[in-house]
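# Structural description and commentary
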Amino acid sequence: MRNSTVRRATYADVEDILHIYNQGIEDRIAALEEETKDRPFINNWFDEHQGRFAILVAENDGKPTDVMIMEKLLV
């Protein structure tokens, strides 16, 4: 069994996030996109999901393996 840790993503995670994002596109299980994305796209995506959103990564053995986006509720 793997020991996972969940934490807020940082810019240092962007390359791993890109890999995870594209893997979801290629596997057709986690994204509605059809074409893989490049580094400029994911940099922009990361920037757009700051503030109101929290990007989280699950790590296994110190390497991000999953990405989650949490939206802050404005009540």
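Note that the structure is predicted; figures quoted are calculated from it, not measured. (Residues numbered from 1 in each chain as written. Predicted model: local features only at pLDDT ≥ 70, side-chain atom pairs only at ≥ 80, totals over all residues. Heavy atoms only, no water.)

### Here's the deal with the side chain of Asn60
Assignment of secondary structure puts Asn60 in strand β2 (residues 53–60). When its relative accessible area of 6% is taken as the criterion, Asn60 is described as buried. A distance of 2.8 Å separates polar atoms of two side chains, one belonging to Asn60 and the other to Thr65. (Helix = DSSP H or I, 4+ residues; strand = E, 2+ residues; numbered from the N terminus. Buried < 20%, exposed > 50% of the residue type's maximum accessible area, 1.4 Å probe, protein only. Polar contact = N/O pair within 3.5 Å; in protein donor to acceptor, adjacent residues only side chain to side chain.)

### Observations concerning the confidence of the model for the protein chain
When pLDDT is averaged along the protein chain, the result is 86, and 89% of the positions lie at 70 or above. The least confident element of the protein chain is strand β3 (residues 63–71), whose mean pLDDT is 86; the most confident is helix α2 (residues 39–48), at 94. (pLDDT = per-residue confidence, 0-100.)

### A look at the environment of Ile42
Looking at where Ile42 falls in the secondary structure, it is placed in helix α2. We classify Ile42 as buried; its relative accessible area is 0%. Expressed as a C-alpha distance, the spacing of Ile42 and His19, which sit 23 residues apart in the sequence, is 9.9 Å. Contact partners of Ile42, with chain neighbours within four places excluded, come to Val14, Ile17, Leu18 and Tyr21. (Contact = heavy atoms within 4.5 Å.)

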